[in-house]
Protein chains: 2
Amino acid sequence: MATQITEAKSGNVTEEMKIIAKLEGESPEKIRDRVAKGKVVIFKNIVRQNLERYTAIGEGLFTKVNVNLGASTDHYDENEELEKVEIANKFGADTIMDLTDGGDIDGMRRKVLAKAKMPVGTVPIYQLYYEMVTKRKYVIDFNEDDLFNVIEKHFKDGVDFVTVHTGVTLDLSKKAAEQKRTAGIVSRGGTILAAWEIYNEKENPLYANFDYLLELAKEYDVVLSLGDALRPGGIDDAHDELHVGELLVNARLAKKAIEKGVQVMIEGPGHMPLDQIEMDIKLEKQLTGGVPYYVLGILPTDIAAGYDHIAGAIGGALAAAYGADMLCYLTPAEHLSLPTPEQVKDGLIAFKIAAHTGDIIKLGEKARKLDTEMSKARASLNWQKMFSLTFDEERARRIYRQYKKFEAGSCTMCGDLCVYLVLPRALNKKKYANQKASTENR
Amino acid sequence: MATQITEAKSGNVTEEMKIIAKLEGESPEKIRDRVAKGKVVIFKNIVRQNLERYTAIGEGLFTKVNVNLGASTDHYDENEELEKVEIANKFGADTIMDLTDGGDIDGMRRKVLAKAKMPVGTVPIYQLYYEMVTKRKYVIDFNEDDLFNVIEKHFKDGVDFVTVHTGVTLDLSKKAAEQKRTAGIVSRGGTILAAWEIYNEKENPLYANFDYLLELAKEYDVVLSLGDALRPGGIDDAHDELHVGELLVNARLAKKAIEKGVQVMIEGPGHMPLDQIEMDIKLEKQLTGGVPYYVLGILPTDIAAGYDHIAGAIGGALAAAYGADMLCYLTPAEHLSLPTPEQVKDGLIAFKIAAHTGDIIKLGEKARKLDTEMSKARASLNWQKMFSLTFDEERARRIYRQYKKFEAGSCTMCGDLCVYLVLPRALNKKKYANQKASTENR
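Residues numbered from 1 in each chain as written. Chains lettered and ligands numbered in written order. Predicted model: local features only at pLDDT ≥ 70, side-chain atom pairs only at ≥ 80, totals over all residues. Heavy atoms only, no water.

An unreviewed UniProt entry lists chain A under the name Phosphomethylpyrimidine synthase, with Acidianus hospitalis given as the organism. Quoted verbatim from the Cofactor (unreviewed entry) field of UniProt, the annotation for chain A is "[4Fe-4S] cluster". (UniProt positions renumbered as here; feature names shortened; annotations may be inferred.)

Next up, the structure:
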């Protein structure tokens, strides 16, 4: 099967590359060359029919934001999740991941795929877990075929990317089980696999049969997102042997994928102190030769529960500035609960801000021109323009009007003491006085 | 008059130094030595009676957060502002600035001083502006005595620190009036002074009579906060001639203040791209010899109106990590309106997160131990402990319960697939199976 990579390697510019080139303000040839090297991936399962908003990530492209949604075994409400898809559509999420791990998982995934305007990803192993539970089996009573079957089902449904925890090998799983980490293992899918491996004394099927996984992915041109099962779940655990050891495995596998014509990206943490973010991004880029990097957060403190979207935006902005290609958002509900639709919006916008803040550094003028426009609009008190440049125009208008009933003049923060009114008036008054004096002296 | 600095220079440890030492986990002697060098300031007007929470900023101390509040000419509601003081008290603001620039300014300031548990600062020139307006005079029709009189009135009321725009000299004001900045001048007080100087062809009274200002400040041991009238108001304007030129003047004046026994800090921007923050902090520290640095935000993008607390927390965290000593918060209403009490809370918590995130880098273990505690609480599903470690316990509890009615077990995000349940169970099952096998083999 032809994939974006095999086409690129043959020197062909695909329709998808042209669309991405236009969206990103790059030449189609540059996009092609980066795809050929695995430095850019384009999310588009060949069977996905209704993709309206194309998304690519990687070298030279805008930093993207992924929205996680999906029901859990504790709470399943289809309408609520579809409302979250609407919010993702409205406020410009670049990708969605449906992480449903309970209830009608197939139904939810298909409905999300039908409603989402952008690429959709999943973590197929969650479904396997739930199947075991509903069959009254123990959670890890599945075999290798079960795992690949569920992955293939997602591919057939048109999912554009999937998280596969390829890097958590039997050796690493055993080390992890004996570890003295502060926060332990915090990846849902990774935990299931690690438990399976240890319990069965067998190698990770995704690692042992990586070639077969590549064949499947190639058939649909699905992007493999190599998951970080052993990511740090607290800042104390950042860049320990488990974390870096798994990255080493995934980096090796990623190169193999590109060689075989399969698009691939690497998932990163998670929790780490601010001063490790630069190193983290550079390490991934160095080890992989520039494979797109998709990070969760990054969360530079563990104590912001209730406001993890803000803590995550701090780390995410820095990650983007240093070269992370896509940020997985966090909502205020992270570490506490499934998010409500409103919390999904809060998380998405916080991370859109983070991505843009990073892009000002990573891409320069291309991103920064919006800031220049905003500052000019401000200095001329052009409110309509200001509102149009914000991430949520309705909210900006609402706040502007909270103590004021019309949209013009200064805002209520400084009232008449608005800097854009005081100085020009003084300068005009001075000019007038000077003119008057010079007239009188004639 | 004896001030914290003169006492420190004489080798004396004051009561205030002892309190600060305890709060910061430092020895009183270290605090004294830093105060003597002007590297730490303690906010305490000698006439302030009801100070419950002492605050100091500077070398080796936790990063602090200031909350701005106050009514404007457009909207004056005393109860609302006092509600904001309550929020600042409740959620741990380290200082408050009352920026009221309209209505009963004296009354508001005195009520804020009476209700605030922490040090209070003001910008006296705002009151002068309003007096001109109410006397139907032109905004800059004041003389030097008027300016010093209003400053002294604030000192007498017990204000612990004041912003004085000492650095915007006549020369810089003229340059500013002719500049081609994207965002112009964005300091309220600075604009009034610059307009006054240009209109009257006279030097900045605060600069020309700095020695007199020092005498006044010394009498009350008020901390002078040397304002940045020419700070960048958009990222395009960061570190231009005006911005750095004013810092040069303020740095020189700060050294003079310390020499004369007057506590002093420097105010910093404002808007700048992420990659200028490190340089900005280092420049201030280098030029001043370590005078405490009090930054606004920092805002690393201009387009986040409606969410400037989040954009500001991104820059603020980085600033704190690099050594900024106090962050002036921003609320979601920045650039749009006076904030509501709820928005004050949003801003305060965002900046508490930023300060802590930076302190993990700046102070290490001293700050980071909270994160370790949180991760341990998480790994043991100890929810009560987790809630107690957050910035807003009520909110964390509310979110945890939004889809769940009791506080125990996993949260609804992963439900039964909670990582802290799956792996231990699998390991136990394995252990049990092994035991069983070994029993059967006996």
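**Q** So, the domain arrangement of chain A: which residues are in play, and what are the values?
**A** It is common to report an interface's size as the accessible area lost on association of the parts. All names here are of chain A. For chain A, the assigned domains read domain 1 (4–363) and domain 2 (367–440). The centre of domain 1, based on its C-alpha atoms, is set 43 Å off from the matching centre of domain 2. Counting residues at the interface gives 10 residues for domain 1 and 7 residues for domain 2. With both chains or domains summed, domain 1 and domain 2 bury close to 770 Å², and 66% of this area falls on carbon and sulfur atoms. On the surface where domain 1 and domain 2 come into contact, there are 2 salt bridges. Among the salt bridges present, the one from Glu394 reaches Lys90, with a minimum N-O distance of 3.2 Å. On inspection of domain 1 and its partner domain 2, the count reaches 3 residue pairs in polar contact (both at pLDDT 80 or more). Considered class by class, the residues forming the side of domain 1 that touches domain 2 number 5 nonpolar, 1 polar and 4 charged. (Domains from an automatic or database assignment. Contact = heavy atoms within 4.5 Å. Buried area = accessible area lost by both parts, 1.4 Å probe. Salt bridge = Lys/Arg side-chain N within 4 Å of Asp/Glu carboxyl O. Polar contact = N/O pair within 3.5 Å; in protein donor to acceptor, adjacent residues only side chain to side chain. Nonpolar A, V, L, I, M, F, W, Y, C, P; charged D, E, K, R; others polar.)

**Q** Explain the pattern of salt bridges to me, and be specific about the residues and the numbers.
**A** All names here are of chain A. Inspection of every chain in the model, using the stated rule, returns 66 salt bridges over all chains. Among the ionic pairs, Lys64 bridges to Glu24, the shortest N-O distance being 2.6 Å. In this pair, Lys64 sits in strand 3 (residues 64–69) while Glu24 sits in helix 2 (residues 15–24), placing the two residues 40 residues apart along the sequence. Judged on exposure class, the residue Lys64 and its partner Glu24 are both buried. (Helix = DSSP H or I, 4+ residues; strand = E, 2+ residues; numbered from the N terminus. Buried < 20%, exposed > 50% of the residue type's maximum accessible area, 1.4 Å probe, protein only.)

**Q** I'd like a description of the interface of chain B and chain A, backed by residues and values.
**A** Facing the 107 residues of chain B at the interface are 107 residues of chain A. For the pairing of chain B and chain A, the buried interface totals around 9500 Å² over both sides, and the portion due to carbon and sulfur atoms is 66%. Three residues, Ile303, Tyr307 and Tyr403 of chain B, lead the burial of chain B against chain A; their summed loss comes to 9% of the area buried on that side. Joining chain B to chain A, the criterion identifies 4 salt bridges.

**Q** Can you explain the relation of the copies chain B and chain A? Please cite residues and give values.
**A** Under the fitted operation, chain B is carried onto chain A by 0.0 Å of movement along the axis and a turn of 180°, and the coordinates agree to an RMSD of 0.0 Å. Taken together, the rotation and translation relating the two chain copies correspond to the operation of a two-fold axis. Using C-alpha coordinates, one finds that chain B approaches the rotation axis most closely at Ile314 of chain B, a distance of 2.2 Å. Interface overlap between copies: 100% of the residues of chain B at the interface are likewise at the interface in chain A, consistent with a symmetric, same-surface contact. (Least-squares fit on C-alpha atoms with pLDDT ≥ 70 in both.)

**Q** Break down helix 12 (residues 241–259) of chain A for me, citing the residues and quoting the values.
**A** The α-helix advances 3.6 residues per turn, and as a result positions three or four apart in sequence lie on the same side. Across its 19 residues, helix 12 of chain A extends 27 Å between first and last C-alpha, which sits within 8% of the 27 Å expected from 1.5 Å per residue. Just downstream of helix 12 of chain A lies Gly261 of chain A, where phi reads positive at about 85°. (Expected span 1.5 Å × (residues − 1).)

**Q** So what about the pairing of strand 8 (residues 264–268) of chain B? Which residues, and what values?
**A** All names here are of chain B. Buried residues dominate strand 8, accounting for 5 of its 5 residues. Judged by which residues are buried, strand 8 turns out to be covered on both faces: Val264, Ile266 and Gly268 on one side and Met265 and Glu267 on the other are all buried. Where strand 8 lies against strand 9 (residues 293–296), 3 bridges are found, and the strand directions are parallel. The residue bridging Gly268 from the neighbouring strand is Val295, located in strand 9. Note on the crossover from strand 8 through helix 13 (residues 277–288) to strand 9: the handedness is right-handed. (Pairing = 2+ DSSP bridges. Right-handed = clockwise from strand over helix to strand, strands pointing away.)

**Q** Can you break down the side chain of Arg32 of chain B residue by residue, with the values?
**A** Residues and elements named next belong to chain B. Along the chain, Arg32 turns up in helix 3 (residues 28–36). With relative accessibility at 17%, the residue Arg32 sits in the buried group. Contacts of Arg32, omitting those with residues within four sequence positions, involve Ala8, Gly11, Asn12, Val13 and Met17.

**Q** Now, about the sheet that holds strand 5 (residues 120–122) of chain B: what can you tell me, with residues and values included?
**A** All names here are of chain B. Taken together, 8 strands build a closed barrel; the order of strands is 3-4-5-6-7-8-9-10 and the barrel is parallel. Neighbour-to-neighbour, the strand axes of this sheet turn through a mean angle of 25°, independent of strand direction. As paired strands, strand 7 (residues 223–226) and strand 8 are joined by 3 bridges and run parallel to one another. Within strand 8, the residue paired with Leu226 across the bridge is Ile266. (Axes fitted to C-alpha atoms, helices over the stretch in contact; angles between N-to-C directions.)

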